[in-house]
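Coordinates in review
Each chain is listed here by its residues.
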Amino acid sequence: MYVVKSPLSDEYLKTVSEALQGALVDLVDLSLVAKQIHWNVVGPRFRSVHLQLDEVVTTARGHSDTVAERAAALGVSPDGRAATVAVGSGIGVTPEGWVDDAAAVSALVDALGAVIARMRERIAATEEPDPVTQDIFITITADLEKHHWMFQAANG
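Residues numbered from 1 in each chain as written. Predicted model: local features only at pLDDT ≥ 70, side-chain atom pairs only at ≥ 80, totals over all residues. Heavy atoms only, no water.

So, the pattern of salt bridges
Evaluation of the coordinates by the stated rule reveals eight salt bridges. In this structure, the salt-bridge partner of Asp 26 is Arg 118, at a minimum N-O distance of 2.7 Å. With a gap of 92 residues between them, Asp 26 in helix H1 (residues 10-40) and Arg 118 in helix H4 (residues 101-125) connect regions that are remote in the sequence. On the basis of relative accessibility, which here comes to 0%, the residue Asp 26 falls in the buried class. (Salt bridge = Lys/Arg side-chain N within 4 Å of Asp/Glu carboxyl O. Helix = DSSP H or I, 4+ residues; strand = E, 2+ residues; numbered from the N terminus. Buried < 20%, exposed > 50% of the residue type's maximum accessible area, 1.4 Å probe, protein only.)

Laid out in structure tokens, this is it:
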């Protein structure tokens, strides 16, 4: 059932909807990973890493809403359910239990790197079918790359 009619052709809509759904899953998982590590980080840099992780959560949550609303605007029902996120995310396994600050930073570097790589693929895939969605992906990627840089610098 389509409640909203997309201005895109069926072919373009398929490409764009897959890119949006993939981005939604990655962003939801990134927010969960960052929050999980946020709750469990320990070590001499606890406070700074703890606060930096919440910045990633805020970014990921904000962008996931933008992505979901873009999908809805194109007539595609966004799916951010836990089961969908669990099977579709490009982020690896999150450390369990307490995580020392250096390992926490490394885990975020890896998680951000995985999401950024997939976002760059989505930027390329949506260039022709939907520059509006591509622009959203470019903005998201810029924000994620800033976090990626800051976490890399934290471990020197």
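That was the structure; now back to the text.
Here we look at the packing of helix H2 (residues 46-73) against H4
Contact pair H2 / H4: the axes reach a minimum separation of 10 Å and the direction vectors enclose 20 degrees. Between H2 and H4, the angle falls in the class roughly parallel. Taken as a pair, H2 and H4 cross one another with a handedness that is left-handed. Two secondary-structure elements touch here, H2 through Phe 46, Val 49, Leu 53 and Val 56 and H4 through Asp 101, Ala 104, Val 105, Leu 108 and Leu 112. Of the residues belonging to the contact of H2 with H4, the class tally is eight nonpolar, no polar and one charged. (Axes fitted to C-alpha atoms, helices over the stretch in contact; angles between N-to-C directions. Parallel < 35°, antiparallel > 145°, perpendicular 65-115°, else oblique. Left-handed = near helix turned anticlockwise from the far one by under 90°. Contact = heavy atoms within 4.5 Å. Nonpolar A, V, L, I, M, F, W, Y, C, P; charged D, E, K, R; others polar.)

Comments concerning the UniProt feature "domain: Ferritin/DPS" (unreviewed entry) in the chain
The sites that carry the UniProt feature "domain: Ferritin/DPS" (unreviewed entry) are, in the present numbering, residues 18-153. The span residues 18-153 carries 78% helix and 3% strand; its end-to-end C-alpha distance comes to 33 Å. (UniProt positions renumbered as here; feature names shortened; annotations may be inferred.)

Here we look at the environment of Met 150
Tracing the backbone through its elements, the reader meets Met 150 in helix H5 (residues 131-155). For the pair Met 150 and Glu 18, spaced 132 residues apart in the sequence, the C-alpha separation amounts to 30 Å.

Quick word on the nonpolar core
The biggest cluster of nonpolar side chains holds 44 residues, and the ones touching the most others in it are Leu 30, Val 67, Leu 108, Phe 137 and Leu 144. Every element with two or more residues in this core is listed here: H1, H2, H4 and H5. The greatest single-element share of this core, amounting to 13 residues, is contributed by H1. Aside from chain neighbours lying at most four places away, what touches Leu 30 is Val 56, Ala 60, Ile 91, Leu 108, Ala 111, Leu 112 and Leu 144. (Core = buried A, V, L, I, M, F, W, Y, C linked by side-chain atoms within 4.5 Å.)

A closer look at the packing of H1 against H2
To characterise two packed helices, one gives the angle between the axes of the helices and the distance between these axes. Contact geometry for H1 and H2: axes closest at 8 Å, N-to-C directions at 160 degrees. One finds that H1 runs roughly antiparallel with respect to H2. In the crossing of H1 with H2, the sense of the turn from one axis to the other is left-handed. Among the residues forming the contact of H1 with H2, the class breakdown is 15 nonpolar, five polar and four charged.

Quick look at the side chain of Thr 59
With respect to the helices and strands, the residue Thr 59 is situated in helix H2. Relative accessible area serves as the criterion here: at 17%, Thr 59 is assigned to the buried category.

Let's talk about the environment of Val 132
Of note, Val 132 is situated in helix H5. Here the alpha-carbon distance between Val 132 and Arg 70, two residues 62 residues apart in the chain, equals 9.1 Å.

What to know about the environment of Pro 129
Relative to the elements of secondary structure, Pro 129 occurs in the loop between H4 and H5. C-alpha separation for the pair Pro 129 and Glu 11, spaced 118 residues apart in sequence, amounts to 8.5 Å. Discounting residues that sit within four places of it in the chain, Pro 129 has contacts with Leu 8, Tyr 12, Thr 15 and Val 16.

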